[in-house]
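These are the residues of each chain, in order.
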Amino acid sequence: YMAGGPSRLQAFELDGKPAGEVPLPGVAAVNEFEAVGDDLVYRVETYLEPARFHRLSGGRSTPTGLVVTSPVKFDDIEVVRVFATSKDGTRVPVNIARRKGVRLDGNNPTLLYGYGGYGVSMTPSFLGGARRAWFDAGGVFAVANIRGGGEYGEEWHRQGMLTRKQNVFDDFIAAAELLISEKYTNPARLAIQGGSNGGLLVGAALTQRPELFRAVVAQVPMLDSVRSEFDANGEFNITEFGTVRDPEQFRAILAYSPYQNVRDGVKYPAVFMSTGENDWRVNPANARKMTARLQSATASGLPVFLITTDAAGHGIGSPLSVQIDQMADYLAFLIDQLGM
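Position numbers for residues start from 1 in each chain and track the written sequence from start to end. With pLDDT at 70 or above as the cut-off, local features in this predicted model cover only qualifying residues; side-chain atom pairs require 80 or more to be listed or tallied, and sums for whole chains, interfaces and linings still use all residues. Values reported for side chains reflect all heavy atoms of the structure, with hydrogen atoms and water molecules removed beforehand.

1. Focus on helix α7 (residues 285–297)
Helix and strand definitions follow DSSP, with helices as H or I runs of at least four residues and strands as E runs of at least two, each counted in order from the N terminus. Under the convention used throughout, the expected extent of a helix is 1.5 Å for every residue step, that is, one less than its residue count. In this model, α7 (13 residues) spans 18 Å end to end at C-alpha, consistent with the 18 Å of a helix rising 1.5 Å per residue. Residue exposure (1.4 Å probe, protein chains only): buried if accessible area is under 20% of the type maximum, exposed if over 50%, otherwise partly exposed. Listing the buried residues of α7 in full gives N286, A287, M290, T291, L294 and A297. Taken around the axis of α7, the buried residues stretch over an arc of 145°, which confines them to a single face. The contact definition used throughout considers only heavy atoms, calling two residues in contact when any of these lie within 4.5 Å. The inward-facing, buried residues of α7 contact α4 (197–208), β13 (270–276) and β14 (304–309). The directions from the helix axis to the C-beta atoms form the arc being described.

As structure tokens, this is what we get:
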């Protein structure tokens, strides 16, 4: 079962009688099941350990030698799962990866990541090299399982689509406020990151609550929601966001569309936007227009950067060299802006 993002694995007798829970190593994702005789082989991945196949035999689960290897280790990191309370009272899971023994003094540089759309679930996945560099620089990393995803099934998705899209942003803002109230960080040391639909998420968060964040990373972002359905790929997104041709849906879209909600003279956080010159999934004009609008409007004196990569599109299938360059760019931006 998916239980709000992470997995639960339960065994049953052939007559359907429950046969107990199969223990998992922490906050984990389980998939790729295969029957081998009377045994079950399945794949387990956590934030701190890369994917490994386990074998369930005679009621006992043991790890096998089939494992993805990694040059980075996270033995000094732990993951805790907490819940934020959204604007309408909904409990929103937040997974926090932190150094063991971290001081909750409200001063840790913290990066909050989210997506919240299309029924895509933010399941546990190995953190990898970029996050290792983040921890080495003293950072805390959090992932929010907000509505719009499928972490609690299709209804969780439906509560974050069409005219209820604002729930997604409320959930993410609640996760940010939790990190502050629990003394992980403060607004001067809190950053947010998202890509594509997650770029819309951080764009809405920065326009709705600019005082809550110090830095924003928006990758291949959707930012002009009023115009998006008229782009080459736009018609496919109407089922998720709605259409400006419907009055009720148009009012909802206009209320959150980041580009339309930038206000002159507001102290906006520092922003790093990236787009691909050949992105046909999300029009690169979204990032270009938003960069210009924020540069013109902000009164904070903080930078608003845009990087356009001519060797990339929407990020899918980008060469490793391009991925490394982009990671280095946004990490350098965050480390600079958060005073790390």
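More follows now that the structure is in view.
2. With respect to the pattern of salt bridges
Note on definitions: salt bridges are taken to be side-chain nitrogens of Lys or Arg within 4 Å of carboxyl oxygens of Asp or Glu. Within this structure, the stated rule accounts for 18 salt bridges. The salt bridge partner of E45 is R43, with a shortest N-O separation of 3.3 Å. Taken as a pair, E45 and R43 share a single burial class, namely buried. Where salt bridges share partners, they join D76, R99, R132 and D136 into one cluster.

3. Overview of the environment of G313
With respect to the helices, strands and loops of the structure, G313 is situated in the loop between β14 and α8 (320–337). Aside from chain neighbours lying at most four places away, what touches G313 is V220, G276, N278 and D279.

4. Digging into the packing of helix α3 (residues 166–181) against α4
The packing of two helices is summarised by the inter-axis angle and the distance between the axes. Fitted lines through C-alpha atoms give the axes, limited to the stretch in contact for helices. The angle between two N-to-C directions lies from 0 to 180 degrees. Packing of α3 against α4 leaves a shortest axis separation of 10 Å and a crossing angle of 70°. What the angle tells us is that α3 and α4 run roughly perpendicular. Residues Q166, V168, F169, F172 and I173 of α3 lie in contact with α4, whose contacting residues are L200, L201, V202, A204, A205 and Q208. A per-class count over the contact of α3 with α4 returns nine nonpolar, two polar and no charged. In this scheme, roughly parallel covers angles under 35 degrees and roughly antiparallel covers those over 145, while 65 to 115 is roughly perpendicular and the rest are oblique. Note on residue categories: nonpolar means Ala, Val, Leu, Ile, Met, Phe, Trp, Tyr, Cys or Pro, charged means Asp, Glu, Lys or Arg, and polar means any other residue, Gly included.

5. Focus on the nonpolar core
Each nonpolar core is a collection of buried residues, namely Ala, Val, Leu, Ile, Met, Phe, Trp, Tyr and Cys, held together in the definition by side-chain atoms within 4.5 Å. Counting residues in hydrophobic clusters, the biggest one holds 49 residues, and the most contacted among them are L112, F172, I192, M273 and L294. Here this core takes nine residues from α3, the largest share from any one element. The contact partners of I192, leaving out residues within four places of it in the chain, are L111, L112, F172, V202, A205, F213, A215, V216 and V217. Among the nonpolar cores identified, the runner-up in size contains 26 residues, and V72, I77, F126 and A215 belong to it.

6. Let's talk about the sheet that holds strand β10 (residues 140–144)
Strands pair, by our definition, only if DSSP identifies at least two bridges between them. The strand order across the open sheet built from eight strands is β7-β8-β10-β9-β11-β12-β13-β14, with neighbouring strands paired in mixed fashion. Since the sheet does not close on itself, it has two edges, and those belong to β7 (77–85) and β14, each with one partner. On average, adjacent strands in this sheet sit at an angle of 20° to one another, irrespective of strand direction. Note that strand β9 (residues 110–113) and strand β11 (residues 190–195) share four bridges and pair parallel.

7. Overview of the packing of aromatic side chains
Aromatic contacts are taken between Phe, Tyr and Trp rings whose centres are within 6.5 Å, Trp giving its six-membered ring; a plane angle under 30 degrees counts as stacked, one over 60 as edge-to-face, and the others as tilted. Per the stated rule, a full pass over the model turns up eight aromatic pairs. Judged by centre distance (5.7 Å) and plane angle (85°), the ring pair of Y118 and F241 falls under edge-to-face. Within this pair, whereas Y118 is found in the loop between β9 and α1 (128–136), its partner F241 is found in helix α5 (residues 238–241), the two being separated by 123 residues in sequence. What makes Y118 partly exposed here is its relative accessible area of 31%.

8. Considerations on the pairing of β7
For β7 and strand β8 (residues 91–99), the ladder comprises nine bridges, and the chain directions are antiparallel. What sits directly across from R81, in β8, is N95. Between the end of β7 and the start of β8, which pair antiparallel, lie five residues, with G89 showing a positive phi angle near 90°.

9. Re unusual backbone geometry
In this structure, L162 takes a positive phi of about 55° despite not being glycine. With respect to the element layout, L162 can be found in the loop between α2 (154–158) and α3. Given the relative accessible area of 27%, L162 is considered partly exposed.

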